[in-house]
Amino acid sequence: MNRILLSAALCVSATVAAAQDTKDMRTFLFIGASNSAAWEMQIANPGDRAASVKGGIEALGGELLSHYWGLGNGKNYITVALPDDPTFIQAFYVSRLGDGLLEDYQMIELMSSADMAEALACVPEIKAQDDLK
């Protein structure tokens, strides 16, 4: 996985440089379901995958916040903070799609409760603008 993330870094190096200049980070939850080839690879080489994931994410200017496995469903749940650069975030997501090791893969942006409160405070104004159309 570290190899895949570092390959993504080469593909988006200009974007990464721009992303690292920003102070704002966005938080994401990645949910992945490994296919049989990925499970065979992990069983043949057991280890704490969080370490390799962390190194790859940090090389791209991000931060690994958590890495968990779902015991009942075999999915992995990884939360990361990534630089606030939409192009970089999209490239980061797409970089995992072509590796052939995932059956299912989702990326969900997470918001803090404080950020949600700010968003909710904007709803009346947005609704009022919609009503004017």
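Cut-offs used in this document
Starting from 1, residues in each chain are numbered consecutively following that chain's sequence as written. The model is predicted, so local features are restricted to residues of pLDDT at least 70 and side-chain atom pairs to those at 80 or more, both for listing and for counting; the totals for chains, interfaces and linings are taken over all residues. Hydrogens and waters are ignored; side-chain quantities use all the structure's heavy atoms. Labels follow the DSSP assignment, with helices taken as runs of H or I lasting at least four residues and strands as runs of E lasting at least two, numbered in each case from the N terminus. Note on contacts: a residue pair qualifies if any of its non-hydrogen atoms lie within 4.5 Å across the two residues. Using a 1.4 Å probe, accessible areas were evaluated by the Shrake-Rupley method; residue-level cover was limited to the displayed protein chains. At least two bridges found by DSSP between two strands is the condition for calling them paired. Note on geometry: axes are lines fitted to C-alpha atoms, helical ones only across the stretch in contact, with angles between N-to-C directions running from 0 to 180 degrees. Salt bridge, as used here: a side-chain nitrogen of Lys or Arg that lies within 4 Å of a carboxyl oxygen of Asp or Glu.

Draft legend 1. Examining the overall build of the chain more closely. The helix and strand inventory of the chain stands at 6 helices and 4 strands. Along the chain direction, N to C, the helices and strands of the chain fall in the order α-α-β-α-α-β-β-α-β-α. Considering only contacts within the chain whose residues lie at least 6 apart along the sequence, 71% involve residues at least 24 apart. Taken as a whole, the chain presents about 8400 Å² of accessible surface, with 56% of it coming from carbon and sulfur.

Draft legend 2. Spotlight on the sheet that holds strand 3 (residues 75-83). Pairing within the open sheet is antiparallel, and its 4 strands lie in the order 2-3-1-4. At either margin of the open sheet sits one strand with a lone partner, and together these are strand 2 (63-69) and strand 4 (102-110). This sheet shows a mean twist of 15 degrees between the axes of neighbouring strands, independent of strand direction. In terms of strand pairing, strand 1 (residues 25-34) meets strand 4 through 8 bridges, oriented antiparallel.

Draft legend 3. Spatial organisation of the pattern of salt bridges. By the definition in use, this model includes 5 salt bridges. Here Asp84 and Arg26 are joined by a salt bridge, their closest N and O atoms 3.3 Å apart. Pair noted here: Asp84 is in the loop between strand 3 and helix 5 (86-95) and Arg26 is in strand 1, with a separation of 58 residues, a long-range link. Note that Asp99 is salt-bridged to Arg96, the shortest N-O span being 2.8 Å. Because the salt bridges share partners, they merge into one network encompassing Arg26, Asp84 and Glu109.

So, to be careful, I would describe these as geometric facts and stop short of saying anything about function.
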